[in-house]
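Here's the letter readout for the chains.
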Amino acid sequence: MKVILVNGSPHAKGCTYTALNEVAKVLQKNGIETEIMHLGTKPISGCLACGKCFETGKCIIDDCVNEFLDKVPGADGFVFGSPVHYAAPSGQLVSFLHRAFYGKSHLFKGKVGAAVVSCRRGGAATAFDQINKYFTISGMPVVSSQYWNQVHGSTPEEVMKDEEGMQTMRTLGNNMAWLLKCIEAGREKGIVFPKGEKPIRTDFIR
Ligand SMILES: Cc1cc2nc3c(=O)[nH]c(=O)nc-3n(C[C@H](O)[C@H](O)[C@H](O)COP(=O)(O)O)c2cc1C
């Protein structure tokens, strides 16, 4: 079993990484393979709404989004981590998630997801809520912890001093491992993710 943890901060080894790494260590202790993927510092375009992905299953912009999409079939769970930027996830992570999920949410169905946010002081709850939206529109079981998955600090050293935040990360790792093992045990007993009805798509004018 494998979990991909995406670091949506421009800092490769900053506060968000410190939180994600704590989750990863606990997953590894539970025998789960992990990969931390840093989005880097190059600009990440938002979704161009061209709809090509519905035909190709890929994004027309060939960057870290397609690199990530190649890895999705081999992963059982995802943790998307972000610094809080103006009470929201980083612009980089939002652009990345729009292009990773739009037209491709079927790839994530039945795979578990969790959001992790890091802030100096405020806005964690709104950023956390925003990331959780991608899971709950895609048929992904959301993994919870003992508190909303947030750490506080401006440096990794400060984050490490946030004892409750770091414990929340460890609990998240253990809870995710437990859920992944439950899903696998269920699969062995023939319990698979529901096939679902043919989607009905309506809007407000028809
Ligand atoms: C553009 C920008 C906006 C920010 N907005 C907030 C904010 O709304 N609330 C907050 O508490 N911290 C805010 N911060 C601070 C970061 O969220 C915080 O230092 C975070 O832990 C950094 O994580 P990182 O090292 O992984 O990038 C902001 C930082 C930047 C660069």
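Here the structure is a predicted model, which is why all the values come from computation and not from measurement.

Draft legend 1. Quick peek at the side chain of serine 138. Note on placement: serine 138 falls in the loop between helix H5 (124–136) and strand S6 (150–152). Within polar-contact distance, the side chain of serine 138 engages the backbone oxygen of tyrosine 134 at 2.7 Å.

Draft legend 2. Summary view of the pattern of salt bridges. Scanning all chains against the criterion turns up seven salt bridges. For arginine 170, the salt bridge is made with glutamate 22, and the minimal N-O distance between the two is 2.8 Å. Linking arginine 170 in helix H7 (residues 163–188) with glutamate 22 in helix H1 (residues 15–29), this pair joins segments that are 148 residues apart in sequence. Note on arginine 170: relative accessible area 32%, which makes it partly exposed. By relative accessible area, which is 11% here, glutamate 22 ends up buried. Its salt-bridge partner being lysine 58, residue aspartate 70 comes within 2.5 Å of it at the nearest N-O pair.

Draft legend 3. Structural detail: the site of the ligand. Contacts to the ligand come from 17 residues, most closely from Ser9, Thr16, Val84, Ser118 and Arg121. For the ligand, an oxygen atom lies 2.9 Å from a polar atom in the backbone of cysteine 15. The contact in question runs from an oxygen atom of the ligand to an N or O atom on the backbone of valine 84, over 2.7 Å. Against a free-state accessible area of 650 Å², the protein chains account for coverage of 73% of the ligand. Contributions of two or more residues to the shell around the ligand are made by H1, strand S3 (77–85) and strand S5 (112–119).

Draft legend 4. Summary view of the pairing of strand S1 (residues 2–7). Burial analysis of S1 places six of its six residues in the buried class, which makes it a mostly covered element. Neither face of S1 is exposed, since Lys2, Ile4 and Val6 on one face and Val3, Leu5 and Asn7 on the opposite face are all buried. The sheet contact formed by S1 and strand S2 (residues 33–38) spans six bridges and is parallel. If you follow leucine 5 over to S2, its bridge partner there is isoleucine 36. Assessed by its sense of winding, the connection that carries the chain from S1 through H1 to S2 is right-handed. Examined bridge by bridge, S1 and S3 share five bridges and lie parallel to one another. By the bridge assignment, valine 6 is partnered in S3 with phenylalanine 80.

Calculation notes
- Residues numbered from 1 in each chain as written.
- Predicted model: local features only at pLDDT ≥ 70, side-chain atom pairs only at ≥ 80, totals over all residues.
- Heavy atoms only, no water.
- Helix = DSSP H or I, 4+ residues; strand = E, 2+ residues; numbered from the N terminus.
- Polar contact = N/O pair within 3.5 Å; in protein donor to acceptor, adjacent residues only side chain to side chain.
- Salt bridge = Lys/Arg side-chain N within 4 Å of Asp/Glu carboxyl O.
- Buried < 20%, exposed > 50% of the residue type's maximum accessible area, 1.4 Å probe, protein only.
- Near = heavy atom within 4 Å.
- Areas by Shrake-Rupley, 256 points an atom, 1.4 Å probe, with all protein chains shown as cover.
- Pairing = 2+ DSSP bridges.
- Right-handed = clockwise from strand over helix to strand, strands pointing away.

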